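Understanding the architecture of this molecule
Listed below, chain by chain, are the residues.
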Amino acid sequence: MLAEDSVLLREGLIGLLARFGHEVVAAVGDAPALLTAVEEHTPDIVVTDVRMPPGFQDEGLHAAVRLRERRPTLPVLVLSQYVQRTYASELLDSGDGSGVGYLLKDRVGQVEEFVDALHEVATGGTVLDPEVVRRLLRRRHDPLQHLTPREREVLALMAEGRSNGAIARTLVVSEAAIGKHINGILTKLNLPLEEGTHRRVAAVLAYLRG
Amino acid sequence: MSRPGFLLSAWPWRAAAYLLTGAVTGAVTLLVIVAVTAVCGALALLLVGLPLLVMVALSGLPVASAERRRLRLIDDDPASGRHREPAAPGLRAWLTTRLRERATWRELGYALLFAVLLWPVDALAVTVALLLPLSVVATPLLLATVGGGEETKVLKLWTVSTWPTACGVAVLGLLLMALCCYALGVAAGARAELTRVLIASREDELDARVVELTSSRVRLVDAFEAERRRIERDLHDGAQQRLVALSMTLGLARLDAPPGPLADQLARAHEQAAQALTELRELIHDIHPKVLTDYGLQAAVADAADRSAVPVDVDVELPGRLPGPVESAAYFVVCEALANVARHSGATRARVSGGHRDGRLFLQVCDDGRGGADAAVGSGLTGLADRVSVLDGRLALSSPPGGPTLLLVEVPCESVPAGTADHCG
């Protein structure tokens, strides 16, 4: 399911997704159409732009939040032209924060990363744009002050939606080491190990919500 | 008048002409006003005349207009008595505007004063100042004609019976005439000044000009703001979308390209496209940040703090949205202040606090830097101070050497309760 008002980008995205073997069941150009199309097709994931007709404000984002209110488990990936913490928070506050993504539109160009992020969101992960994560890390000192620099790096990559393997490859360490770091982060952020909670998501949300 | 050539210039004649026409116009004015009032009064008994009484009230307008024209006889500086433009076309709007104006009533006052008191004074002045010396100068002539060569009376007071005396009196009359010319000049000047004070109100005109200037400044700022939004929208909906599409196409092409020089070139092009996108995004944000339009000042300030290189604590509590121009001006002040903090202050921490109290928005930006900032020297703050002052607000900067630097902004505005703001959900 795709919502994007620019025909150029919409067609481009359809082509891109088709190439990676995904099927776009509906592509719409405005927020009300998105809401009705989701009712009709029950897609696996919704990809939407923030700014859309009729008002060209943040209709896309609000449509996404409303969709999540109706179906909290519906994965939604929001594309934005701006890094906006407010947008990201609003999105993460919908449902339990799992199965959502907030990416800069620019990332669409990084085709493979984009498709990975899409996959991550579709399987219930949380993906934040690296730019948003960078800002959050710079701003939110308090909950993170007990983390070591390496743990912060790991947390940032987790927030970007990378898997343990991917994080290990990026930081050139073993996957076991990453697992240890993540456990350290979860302990320091005081996140209990419970059944049914998405711990990685919880970790990201912990400092996002302060 | 103090110039030596005064007596030989046209000015004595102009003064005389001014007073003379004043006497005539005044008499006519008296006649017309009396006639109109009488007719209207008589008709008022039949109720038909009541609306006509309005004409009496407005009679100051033509009188004042004629007087302003007459004033040019003696005064080079034209007296303007501009009336306000009616808000709408039509007689009714014109009448309401005129009757509400102070100038209309002042002009009526002048017309009445003119009709009752001023024109006789004009007439008296011109009569005395012209006839008195003329009759003295004419003594020899009078002696020859009316007196039959034996005797005549100067000004009906002194008897003159000899030719030498008559000639002497005539010479004295010439002197008197010169003196009277000056008197005439003084009288006309005083009279013109009085007229000017009463009908050419400079203050009103100045007020009107100030109001006009202020509103034209507000219009300019509004136009400027609208233009910013238009540029932002055009870039956003046009160039940016195309660049994203280009970047996507390049990204796909890279996947298909076999390793080699072509793939390398594609990779470079892809990087450049990504870089252009980043720059364009920053540019658009600087022109007009979307978060300001969508979420208002509080979120926009938090966002500006996020972007700042120096860590910033934000403590801004607003009850809801503020008028667009206020939000914009306040936001750009905060951005400029934070940019200055990062660039010049050497501060390690800054703080933005603010709120809305008693119908005013308060914002305060302070840092722990070295101080010594001067709003007057090459900083963007001067322009921002202008924008704030258009909104009737104030911007104050305190930055003693050694710090700390404190910037205060205060703008009167009503806050719009949250939820009713210009915000589509």
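Residues numbered from 1 in each chain as written. Chains lettered and ligands numbered in written order. Predicted model: local features only at pLDDT ≥ 70, side-chain atom pairs only at ≥ 80, totals over all residues. Heavy atoms only, no water.

**Details of the overall build of chain B**
From N to C terminus, chain B includes 13 helices and 9 strands. Counting all 425 residues of chain B, 40% fall into the buried class. Counting contacts in chain B only where the partners sit at least 6 residues apart, residues at least 24 apart contribute 70% of the total. In the structure as shown, chain B presents an accessible area of about 22,800 Å², 66% of it carried by carbon and sulfur atoms. (Helix = DSSP H or I, 4+ residues; strand = E, 2+ residues; numbered from the N terminus. Buried < 20%, exposed > 50% of the residue type's maximum accessible area, 1.4 Å probe, protein only. Contact = heavy atoms within 4.5 Å. Areas by Shrake-Rupley, 256 points an atom, 1.4 Å probe, with all protein chains shown as cover.)

**A closer look at the sheet that holds strand 3 (residues 312–317) of chain B**
Residue and element names in this part refer to chain B. If you walk across this open sheet you meet the 5 strands as 3-5-6-8-7, and the pairing is mixed. Every other strand in the sheet has two partners, leaving strand 3 and strand 7 (394–398) as the edge strands with one partner each. The sheet shows a mean angle of 10° between the axes of neighbouring strands, taken without regard to direction. Pairing between strand 3 and strand 5 (residues 350–357): 6 bridges, direction parallel. Counterpart to Val-314 in the pairing with strand 5 is Val-352. (Pairing = 2+ DSSP bridges. Axes fitted to C-alpha atoms, helices over the stretch in contact; angles between N-to-C directions.)

**What about the side chain of Ser399(B)?**
Residue and element names in this part refer to chain B. Within the element layout of this structure, Ser-399 appears in the loop between strand 7 and strand 8 (405–412). Classification of Ser-399 as buried rests on a relative accessible area of 13%. Not counting the four nearest positions on each side in its chain, Ser-399 is found in contact with Gly-371, Gly-372, Ala-373, Pro-404 and Thr-405.

**Remarks on the pattern of salt bridges**
In the structure shown here, the tally under the stated rule is 24 salt bridges over all chains. Its salt-bridge partner being Asp256(B), residue Arg19(A) comes within 2.5 Å of it at the nearest N-O pair. One end of the pair, Arg19(A), is in helix 1 (residues 7–19); the other, Asp256(B), is in helix 8 (residues 202–256), on a second chain. Among the ionic pairs, Arg360(B) bridges to Glu410(B), the shortest N-O distance being 2.6 Å. Taken as a pair, Arg360(B) in strand 6 (residues 360–367) and Glu410(B) in strand 8 lie far apart in primary sequence, 50 residues in all. Residue classification places Glu410(B) among the buried positions, given a relative accessible area of 18%. (Salt bridge = Lys/Arg side-chain N within 4 Å of Asp/Glu carboxyl O.)

**Things to note about the nonpolar core**
A general tendency of soluble globular proteins is for nonpolar side chains to be buried together. Of all hydrophobic cores here, the largest spans 70 residues; its most connected members are Leu34(A), Leu297(B) and Leu361(B). Here this core gets 10 residues from one element, more than from any other, and that element is helix 12 (residues 324–345) of chain B. Residues in contact with Leu34(A), not counting those within four places in the same chain, are Met1(A), Ala3(A), Val28(A), Val46(A), Thr48(A), Ala63(A) and Leu67(A). Within the second largest apolar cluster, 27 residues are counted, among which are Ile45(A), Leu103(A), Phe114(A) and Ile284(B). (Core = buried A, V, L, I, M, F, W, Y, C linked by side-chain atoms within 4.5 Å.)

**What about the UniProt feature "modified residue: 4-aspartylphosphate" (unreviewed entry) in chain A?**
Residue and element names in this part refer to chain A. As annotated in UniProt, the feature "modified residue: 4-aspartylphosphate" (unreviewed entry) corresponds to Asp-49 in the numbering used here. Mapped onto the fold, Asp-49 is located in strand 3 (residues 46–49). The exposure class of Asp-49 is buried, given its relative accessible area of 1%. Ignoring sequence-local partners within four residues, the contact set of Asp-49 consists of Ala-3, Glu-4, Asp-5, Gly-60, Leu-61, Leu-79, Gln-81 and Lys-105. (UniProt positions renumbered as here; feature names shortened; annotations may be inferred.)

**A closer look at a nonpolar patch on the surface**
On the surface, Leu113(B), Val116(B), Leu117(B), Val121(B) and Leu194(B) cluster together into a nonpolar patch covering about 420 Å² of accessible area. Residue position: Leu194(B) is located in helix 7 (residues 163–199). (Patch = residues over 30% accessible without salt bridge, like charges linked within 9 Å, V, L, I, M, F, W, Y side chains within 5 Å.)

**Details of the sheet that holds strand 6 (residues 126–128) of chain A**
Backbone hydrogen bonds hold the strands of a sheet together, and the pairing may be parallel or antiparallel. Residue and element names in this part refer to chain A. The parallel open sheet is built from 6 strands, whose spatial order is 2-1-3-4-5-6. With one partner strand each, in any of the chains shown, strand 2 (27–28) and strand 6 form the two edges of the open sheet. In the sheet, strand 4 (residues 76–80) pairs with strand 5 (residues 100–104) via 5 bridges, with the strands oriented parallel. Counterpart to Leu-79 in the pairing with strand 5 is Leu-103.

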